[in-house]
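What follows is the residue order along each chain.
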Amino acid sequence: MAAASRVFAFRDARWAPDPVLEPSAAVRTPQPVPLVIDNGSFQTRAGWASADPAVPAEPLLRFRSLAARSRGARGGAGAETQVGNDLGSPEPLRWLLRSPFDRNVPVQLELQELLLDHVFQRLGVASQGCVDHPIVLTEAVCNPLYSRQMMSELLFECYQVPKVSYGVDSLYSFYHNKRQKWPCSGLVISSGYQCTHILPVLEGRLDAKNCKRINLGGCQAAVYLQRLLQLKYPGHFAAITLSRMEEILHEHSYIAEDYIEELQKWRSPEYYENNMHKMQLPFSNKLLGSTLTSEEKQERRQQQLRRLQELNARRREEKLQLDQERLDRLLYVQELLEDGQMDQFHKALVELNMDSAEELQSYINKLSLSVEQTKQKILQAEVNIEVDVVDSKPETPDLDPLGSEQSLEDVESINEFEPLFAEEQPEVEKPVAAVQPVFNLAEYHQLFLGTERIRAPEIVFQPSLIGEDQAGIAETMQYVLERYPKEQQAILVQNVFLTGGNTMYPGLKARVQKELLEMRPFQSSFQVHLASSPVLDAWYGARDWAVEYMTREEGWITRKDYEEKGGEYLKEHCASNVYVPIRLPKQAPRAAEALAPSRALTSSTGNPCEQA
């Protein structure tokens, strides 16, 4: 591979604002079709679910799940809230960005409402009165009841939706990529922006008791890569941003099939040269002073000096004008004293915050002296400018101090040295541009990616690289499989399914196959499949489910269900979580126990005769 072909420039692409789309008539007739929203912690995707060919079978909106509220002017006036792609670029607003998610669970109701408002507005759905479309929404695995209750309250109370269905994004992706007759079994490995999940699926239903989560994903890999490169290149600390690290992870990183063996390969200089990627940071080609001649430098200095002198002269004139106005005011008050207008004089002294005529006279003397000094400085500055202009002319040295009375020997001696001076003269007048810089400026602004290409994504297999006391994918997968009998283990490993945006690294499938080969018995079989589109298959699977179950009651939570059974209620289906209702302790037995002693006490103290 040529060296030039390994130099990659950062795209630093800006997000284009989402247009306001006009919904087609097919999404409302003969009845409103479901609206599918993949509510991911990294990206939100939204679109319609309809079997009509006129309705696009792909997400119409894709934007980052972020919001930023600008402060505006003082007092909060003019503050503006931007969501998703309207932000343009996240780096200038990094300290203002807010997300409704804690890990992969939405907990900020106000920010989640902003994201939903953005979805409804851009899709042309009027959300002021009510949203009359059914909603299919993705949620986290084993989502807390409080989070679902908050989301149901927002959808039913704020948007007045007719019905809603919740499902797990990775199970929707598994449902979309089913390679066997449904219902089927398998082991789903879902790695996203914040978390990685190991989900066993038996006969088409999630076994929630044996699900495991690893609190590592693409976000932690990007932060780890940023720290590695900032330590390696402290001179480019500010240029190594999270957005650029995510670009490196998406386009230049890969998973090593054997991490230790791959590190040994990188120790070879030849392997390093052939596989190292250079990331070009933006820089300016103009090196200060490298392309300027001595005359241009002198002219630039003269311009800077002239500009500075003009600025100082303007400031002196402004100060002189202000002092002169104050002096005229004080002299006017002094004239009032001389004219005998004592009432107006004392009133003017109060306005000037002075106590006596002596204090007034002292201020007049000080201001008069300041005005005279400022006028002298202005005159002196004008004289200095004239002197500088005269001195800037080149002086011609007197080369003939003896006049015309030179002997023939002196003339001959001078003629002998004339060739030497003629040769040296062009070298003195050479421009500075001929001097080349001592280093390559473009190469100085390059990031050399060597082992960083494999170290950052390796944290999902070895969390100890970043100091996390967790098990990696291989250990967690083995732990989950060991919780089943051997017959079910053999069924699960026949369909190991990889999905999620963090599974798009080259080499991940081969690494999982290697880990399974090490942990499975000798000559046992297993199969590993990668989602056809790890990022979008969750939305496609939710759309497939919505089209299939549009006219059924299975999986849909109606407003009546919400009012009767609470916001945490869930109707299960093939791609949903398992509903575990809240079990509150019964208070009746405690009340009866508390009443029993009181009754005994009243009965014993009520009749003194019986006590006797």
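Named according to an unreviewed UniProt entry, the protein is Actin-related protein 5 originating from Accipiter nisus. Turning to the protein, the UniProt annotation filed under Subcellular location (unreviewed entry) states: "Nucleus". What the UniProt record of the protein gives under Sequence similarities (unreviewed entry) is the line "Belongs to the actin family. ARP5 subfamily."

With that settled, the discussion passes to the overall build of the protein. Summing up its helical and strand segments, the protein has 20 helices and 20 strands in all. Out of the 612 residues belonging to the protein, those deemed buried represent 40%. Taking as baseline every contact in the protein between residues at least 6 positions apart, the subset at least 24 positions apart corresponds to 71%. Accessible surface, the protein as shown: approximately 35,400 Å² in total, 53% of it carbon and sulfur.

Moving on: the sheet that holds strand β6 (residues 81–83). Taken in spatial order, the three strands make up an open sheet running β6-β5-β7, and their pairing is antiparallel. Each edge of the open sheet carries a strand with a single partner, namely β6 and β7 (97–98). Alignment of strand β5 (residues 67–69) against β7, held across two bridges, turns out to be antiparallel. Paired with A67 across the strands is R98, a residue of β7. Strands β5, β6 and β7 of the sheet are contacted by helix α1 (residues 109–122), whose axis makes an angle of about 65° with β6.

With that settled, the discussion passes to the UniProt feature "coiled-coil region" (unreviewed entry) in the protein. UniProt tags residues 294–328 and 357–384 as "coiled-coil region" (unreviewed entry). Taken end to end, residues 294–328 has its terminal C-alpha atoms 51 Å apart, with 100% of it in helix and 0% in strand.

For the rest of this paragraph, the subject is the pairing of strand β10 (residues 135–139). Burial analysis of β10 places five of its five residues in the buried class, which makes it a mostly covered element. Here β10 shows no split at all, with I135, L137 and E139 on one side and V136 and T138 on the other all buried. Bridge count for strand β2 (residues 35–39) against β10 is three bridges, and the pairing is parallel. When the bridges of β10 are listed, I37 appears paired with L137. Where β10 meets strand β11 (residues 163–168), five bridges bridge the pair, whose relative direction is parallel. Within β11, the residue paired with E139 across the bridge is V168. Taken together, β10, helix α2 (residues 145–158) and β11 constitute a β-α-β crossover, and its handedness is right-handed.

Below, the discussion takes up the sheet that holds β11. As a general point, the strands of a sheet are linked pairwise by backbone hydrogen bonds and lie either parallel or antiparallel. Reading across from one edge, β4-β3-β2-β10-β11-β20 is the order of the six strands in this open sheet, with mixed pairing throughout. If you trace the sheet from one side to the other, it starts and ends with β4 (61–64) and β20 (557–558), each paired once. The sheet contacts of α1 involve β2, β3 (43–48), β4 and β10, and relative to β4 the element is tilted by about 150°. Packed onto the sheet, helix α17 (residues 537–548) meets β2, β3, β10 and β11 and runs at close to 150° relative to β2.

Now for the pairing of β2. Each regular strand shows side chains that alternate between the opposite faces of the sheet. With five of its five residues buried, β2 lies for the most part within the structure. Of the two faces of β2, the one carrying L35, I37 and N39 and the one carrying V36 and D38 are both buried. Two strands pair when backbone bridges link them, and β2 and β3 are joined in this way by five bridges, in the antiparallel orientation. By the bridge assignment for β3, L35 is matched with W48. The antiparallel hairpin formed by β2 and β3 contains three residues in its connecting segment.

The rules behind the values
- Residues numbered from 1 in each chain as written.
- Predicted model: local features only at pLDDT ≥ 70, side-chain atom pairs only at ≥ 80, totals over all residues.
- Heavy atoms only, no water.
- UniProt positions renumbered as here; feature names shortened; annotations may be inferred.
- Helix = DSSP H or I, 4+ residues; strand = E, 2+ residues; numbered from the N terminus.
- Buried < 20%, exposed > 50% of the residue type's maximum accessible area, 1.4 Å probe, protein only.
- Contact = heavy atoms within 4.5 Å.
- Areas by Shrake-Rupley, 256 points an atom, 1.4 Å probe, with all protein chains shown as cover.
- Pairing = 2+ DSSP bridges.
- Axes fitted to C-alpha atoms, helices over the stretch in contact; angles between N-to-C directions.
- Right-handed = clockwise from strand over helix to strand, strands pointing away.

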